[in-house]
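# Residue-level structural notes
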Amino acid sequence: MEKLETRIRNHDREIEKMCNFHYQGFVDSITELLKVRGEAQKLKNQVTDTNRKLQHEGKELVIAMEELKQCRLQQRNISATVDKLMLCLPVLEMYSKLRDQMKTKRHYPALKTLEHLEHTYLPQVSHYRFCKVMVDNIPKLREEIKDVSMSDLKDFLESIRKHSDKIGETAMKQAQQQRNLDNIVLQQPRIGSRRKSKKDVYTIFDTEIESTSPKSEQDSGILDVEDEEDDEEVPGAQDLVDFSPVYRCLHIYSVLGARETFENYYRKQRRKQARLVLQPPSNMHETLDGYRKYFNQIVGFFVVEDHILHTTQGLVNRAYIDELWEMALSKTIAALRTHSSYCSDPNLVLDLKNLIVLFADTLQVYGFPVNQLFDMLLEIRDQYSETLLKKWAGIFRNILDSDNYSPIPVTSEDMYKKVVGQFPFQDTELEKQPFPKKFPFSEFVPKVYNQIKEFIYACLKFSEDLHLSSTEVDDMIRKSTNLLLTRTLSNSLQNVIKRKNIGLTELVQIIINTTHLEKSCKYLEEFITNITNVLPETVHTTKLYGTTTFKDARHAAEEEIYTNLNQKIDQFLQLADYDWMTGDLGNKASDYLVDLIAFLRSTFAVFTHLPGKVAQTACMSACKHLATSLMQLLLEAEVRQLTLGALQQFNLDVRECEQFARSGPVPGFQEDTLQLAFIDLRQLLDLFIQWDWSTYLADYGQPNCKYLRVNPVTALTLLEKISREMRDTSRKNNMFAQFRKNERDKQKLIDTVAKQLRGLISSHHS
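Model, not experiment: these values are computed from the prediction. (Residues numbered from 1 in each chain as written. Predicted model: local features only at pLDDT ≥ 70, side-chain atom pairs only at ≥ 80, totals over all residues. Heavy atoms only, no water.)

### Concerning the overall build of the protein chain
What the protein chain contains, in helices and strands, is 27 helices and two strands. Counting over 766 residues, the protein chain shows a buried share of 43%. Split by element, the accessible area of the protein chain, about 42,700 Å² in all, is 51% carbon and sulfur. (Helix = DSSP H or I, 4+ residues; strand = E, 2+ residues; numbered from the N terminus. Buried < 20%, exposed > 50% of the residue type's maximum accessible area, 1.4 Å probe, protein only. Areas by Shrake-Rupley, 256 points an atom, 1.4 Å probe, with all protein chains shown as cover.)

Structure representation (structure tokens):
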């Protein structure tokens, strides 16, 4: 502590020394500072005064500088604003352009603008609020574009559905021109230049994809061509259709990444429309226009689809088109089968066939297979043949009903040539005869012949444009003609022949007519050969069955003549009134039989134009029927008794019949051939009248016996009737013993003969 205090005292002395050393300087410094303070105060006052003066003088400058500072700031802000606006203006311009495009329905360009706006312009100004609003609106705009383009597509599809028949009608007209007017098209290049190929048309439509012209609802699919109908040229089918709504919608959906959705929607809607188009109206079969409208709609549908196939990349593909076509083909064929079956007018069926051919040719141009349609036409051909047969059945019926069944009289050369021109007939003897003269046949022969030719022409019309070979056409015509001959004409002839009021004269004329028609069959063969250019000698060529038809009709007429004659004979025989109990011997034939013979003579006189065998058969048949009927009359069960006197009268009637047979009512019989019809009666009557039982019983069974044709049963039946009559007479005349003895002897003889006859019968049966 002492040292410390010592040290402190030492330092205090040093400090004091130092202070004493510098004190004078300190005083001087204080003095100078006091002087400086005064000067500093003066300087301060001067500075303050100068500052005041400077502030006063620089006040305006400060204001100007402030103004300059503010201007510099505004200039800097304006420059920045201009720079930002230069970035925003393209965005706003593009957005304005987008709205204008949306407003004018230019949706595909609007979609392009939207893409540029979203990917190029908006990223540069994305920090602005209005840009954020735009970015938020972009999905909505895309949806709006999708909805609007889909609406245009729906309008297009609806318009296409409504106007399919117009499109199809135009396509079928074009196909008709192409088929029928090829030479004219070649000679008129101007017309040919107007008819664009499918490739040219597709190229034109491809240029329309970028088209931005607004389309109204009515224009979305169908162009107005009503004013062009009077032009010389028929516009191409695709020229009627504006496909830009489809292209625009397809591109829009492709850009938006929804192409598959669009494809599925388009195909689904078109399938629905296909089903509607393929549904035929219930009354389609009533008129040709019904079929035409149905075909037009189908053609229009597939023309549109074919164009879409070739002008878009995958909107529809070949598999889809083929599927639709298979469905359409099956439904169309089914509808045609159903509705064509109602057609009873062959003209309508023929027009329908031509329409189907045009329908098939039109679709074939667009690459659709149509073989099934032509196969179906072969089915319709059979139906057409049936309707023709029905029509010709009425024609033949009218011809046969209106015919007078008399030979055609001609009074001049012109009339003769007219008939010969209608029917192939040659007869040198008839040509040499002077006028007036008569053809052997009646008017229905040339009429029927010409109608057969008309039928052949009608069959030929159906075979046109069916792409058939001449052999197939020839076969079709021959088969149909055979049906006409063997069924239709045959039935008509049979109906006439079987009519109740038909007379023998008419039947005779029918036989003559069918004979000439039979001869004309070879000319019908030549006629078919000439129009088909197929020789009859060709392998598998069908032959005409006309000869058989006319032979059958002639045989039916012959049978009807035989039946008719027999009925007339039966009518006369109903007038027979024999007194089987008479004892008087007559000297002439019965009146009814005389009248019957006179009728037969006059009837067979009409048979002069008939073939010899027919007349001979008719005469033989009549005589046999007459003989059989007389035999039945003699042996009928109701006649229980008869006298030899009645048998004598009956014998006179048989002699009258034999006299008629000997007189040769129909030439061509050999000697007594016709008399053989009455041989059974003759031998039976001779046996009883001559009472030659010993000869009959002795020679029975020998080939050369006199009464070979007399049946023991018949003889016994007749003998029993005579026996019963004699017994009754014996009882009545019992007062005369001698007479009674003769009767008893005769009765015993009859009983003996009857017993022997029964023995012959029993031995024959055993």
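### Considering the UniProt feature "coiled-coil region" (unreviewed entry) in the protein chain
UniProt feature "coiled-coil region" (unreviewed entry): in the numbering of this structure it lies at residues 33–60. In this annotation, residues 33–60 is assigned 100% helix and 0% strand; the end-to-end C-alpha distance for the span is 40 Å. (UniProt positions renumbered as here; feature names shortened; annotations may be inferred.)

### So, the environment of E558
With respect to the helices, strands and loops of the structure, E558 is situated in helix α20 (residues 546–573). Along the chain, E558 and V614 lie 56 residues apart, while their C-alpha atoms are 6.9 Å from each other. Excluding residues within four positions of it along the chain, E558 makes contact with I511 and V614. (Contact = heavy atoms within 4.5 Å.)

### Some words on the packing of helix α3 (residues 129–162) against helix α4 (residues 164–180)
Two numbers describe how α3 lies on α4: the axes approach to 4 Å, and their chain directions differ by 55°. Taken together, the axis directions place α3 and α4 in an arrangement best described as oblique. Contact residues: I160, R161 and K162 in α3; S164, D165 and I167 in α4. (Axes fitted to C-alpha atoms, helices over the stretch in contact; angles between N-to-C directions. Parallel < 35°, antiparallel > 145°, perpendicular 65-115°, else oblique.)

### Quick word on the nonpolar core
Core analysis: the biggest nonpolar cluster contains 208 residues, and F295, I561, L565, F604, F688 and W693 have the highest contact counts within it. Those residues in contact with F688, other than ones at most four positions away along the chain, are L644, L647, W693, A715, L718, L719 and I722. (Core = buried A, V, L, I, M, F, W, Y, C linked by side-chain atoms within 4.5 Å.)

### Looking at the pattern of salt bridges
Per the counting criterion, the structure on display carries 24 salt bridges. Residue R271 is joined to E323 by a salt bridge in which the shortest nitrogen-to-oxygen separation is 3.3 Å. Remark: E323 occurs in helix α11 (residues 318–340) and R271 occurs in helix α9 (residues 259–277); sequence separation between them is 52 residues. Using a relative accessible area of 23% as the deciding quantity, one classes R271 as partly exposed. A cluster of three or more residues bridged by salt bridges with shared partners is formed by D49, R52 and K53. (Salt bridge = Lys/Arg side-chain N within 4 Å of Asp/Glu carboxyl O.)

### Considering a nonpolar patch on the surface
Taken together, the side chains of I78, V82, L85, M86, L89, L92 and F130 present a nonpolar region at the surface, about 620 Å² in accessible area. Counting residues per element, the nonpolar patch draws most heavily on helix α1 (residues 2–103), at six residues. Here L89 is to be found in helix α1. For L89, a relative accessible area of 40% translates into the label partly exposed. (Patch = residues over 30% accessible without salt bridge, like charges linked within 9 Å, V, L, I, M, F, W, Y side chains within 5 Å.)

### With respect to the state of the cysteines
Per the stated rule, a full pass over the model turns up zero disulfides. C619 supplies the cysteine sulfur nearest to C623, a cysteine that is in no disulfide, at a spacing of 4.4 Å. (Disulfide = S-S within 2.5 Å.)

### Let's talk about unusual backbone geometry
Of the consecutive residues F435 and P436, the connecting peptide bond is found in the cis state with omega at -5°. In this structure, P436 sits in the loop between α15 (428–432) and β2 (437–438). In this model, W691 sits at a positive phi of 50°, which is unusual for a non-glycine residue. Its location among the elements puts W691 in the loop between α24 (679–689) and α25 (693–699).

### Considerations on the environment of A335
Looking at where A335 falls in the secondary structure, it is placed in helix α11. When its relative accessible area of 8% is taken as the criterion, A335 is described as buried. When the C-alpha positions of A335 and L278 are compared, they lie 8.6 Å apart, and in sequence the two are 57 residues distant. For A335, the contacting residues outside a window of four places in its chain are P280, M284 and Y294.

### Digging into the packing of helix α23 (residues 644–662) against α24
α24 packs onto α23 with a crossing angle of 145° between their chain directions and a minimal axis gap of 10 Å. Remark: the crossing between α23 and α24 carries left-handed chirality. Residues L644, L647, Q648, F650, N651, V654, R655 and E658 of α23 touch α24, and the partners they reach there are L681, R682, L685, F688 and I689. (Left-handed = near helix turned anticlockwise from the far one by under 90°.)

### Description of the packing of aromatic side chains
Under the defined criterion, the tally for this structure stands at 28 aromatic pairs. Here W392 and F455 contribute two aromatic rings whose centre-to-centre distance is 5.5 Å and whose plane-to-plane angle is 80°, an arrangement assigned as edge-to-face. Linking W392 in helix α13 (residues 371–402) with F455 in helix α16 (residues 444–463), this pair joins segments that are 63 residues apart in sequence. Taking the relative accessible area as the measure of exposure, F455 reaches 0% and is therefore buried. Ring geometry for Y405 versus F444: centroids 6.0 Å apart, planes at 70°, classification edge-to-face. (Phe/Tyr/Trp six-rings, centres within 6.5 Å; stacked < 30°, edge-to-face > 60°.)

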